[in-house]
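Listed below, chain by chain, are the residues.
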Amino acid sequence: MRVAFQMNAEDSANLPDSPLASKLGPYRGLFYDEEEGRLEKFRPYGLPSAEWLERVKDEIRRNNGRS
């Protein structure tokens, strides 16, 4: 399995065995699964902050209490 982001055409041809990574924008990536022969474009996201996770956890607990 490989993950590639925007790169030049030569590197793209060598790493994911496809020129697609050279055509990616700055907020896109490629996931390549060599065993399945699958190449999938995705949008990477950063991890949520601890504060956001706490808010979501509290909201879930409040909603579960209403069941």
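As the structure is a computational prediction, the values presented were derived from the model and not from experiment. (Residues numbered from 1 in each chain as written. Predicted model: local features only at pLDDT ≥ 70, side-chain atom pairs only at ≥ 80, totals over all residues. Heavy atoms only, no water.)

(A) Broad picture of the overall build of the protein chain. Tallying secondary structure elements over the protein chain gives two helices and three strands in all. Along the protein chain, helices and strands appear, N-terminal first, in the series β-α-β-β-α. Here the C-alpha radius of gyration of the protein chain, 18 Å, is well above what a compact globule of 67 residues would show, namely 11 Å. The 67 residues of the protein chain split such that 15% are buried. Restricting to contacts in the protein chain with at least 6 residues of sequence separation, those with at least 24 account for 21%. Between the averaged position of the 11 positive side-chain charges in the protein chain and that of its 12 negative side-chain charges there is a distance of 10 Å. (Helix = DSSP H or I, 4+ residues; strand = E, 2+ residues; numbered from the N terminus. Rg over C-alpha atoms; globule rule 2.2 N^0.38 Å. Buried < 20%, exposed > 50% of the residue type's maximum accessible area, 1.4 Å probe, protein only. Contact = heavy atoms within 4.5 Å. Lys, Arg positive; Asp, Glu negative; His and termini not counted. Charge placed at Lys NZ, Arg CZ, Asp CG, Glu CD.)

(B) Expanded view of the sheet that holds strand E3 (residues 38-42). A sheet is described by the order of its strands in space; here three strands give the open sequence E1-E2-E3, paired in antiparallel fashion. The open sheet terminates on both sides in strands that have one partner only, identified here as strand E1 (2-4) and E3. For this sheet, the mean angle separating the axes of adjacent strands, direction not counted, is 20°. Summarising the sheet, E1 and strand E2 (residues 29-33) pair through three bridges and their orientation is antiparallel. Among the inter-strand pairings, Ala 4 is bridged to a residue of E2, identified as Leu 30. (Pairing = 2+ DSSP bridges. Axes fitted to C-alpha atoms, helices over the stretch in contact; angles between N-to-C directions.)

(C) Inspection of the packing of aromatic side chains at higher detail. For the structure shown, the criterion picks out one aromatic pair. Ring geometry for Phe 5 against Phe 42: centres 6.1 Å apart, planes inclined by 70°, an arrangement best described as edge-to-face. Remark: Phe 42 occurs in strand E3 and Phe 5 occurs in the loop between E1 and helix H1 (9-14); sequence separation between them is 37 residues. According to the relative accessible area criterion, Phe 5 is partly exposed, its value standing at 40%. The class of Phe 42 is partly exposed, set by a relative accessible area of 26%. (Phe/Tyr/Trp six-rings, centres within 6.5 Å; stacked < 30°, edge-to-face > 60°.)

(D) The environment of Arg 38, seen in detail. Summarising the element assignment, Arg 38 is placed in strand E3. For Arg 38, a relative accessible area of 35% gives the class partly exposed. Taking C-alpha positions, Arg 38 is 11 Å from Ser 18, a pair spaced 20 residues apart along the chain. In terms of polar contacts, Arg 38 uses its side chain to reach the side chain of Glu 40, at 3.4 Å. (Polar contact = N/O pair within 3.5 Å; in protein donor to acceptor, adjacent residues only side chain to side chain.)

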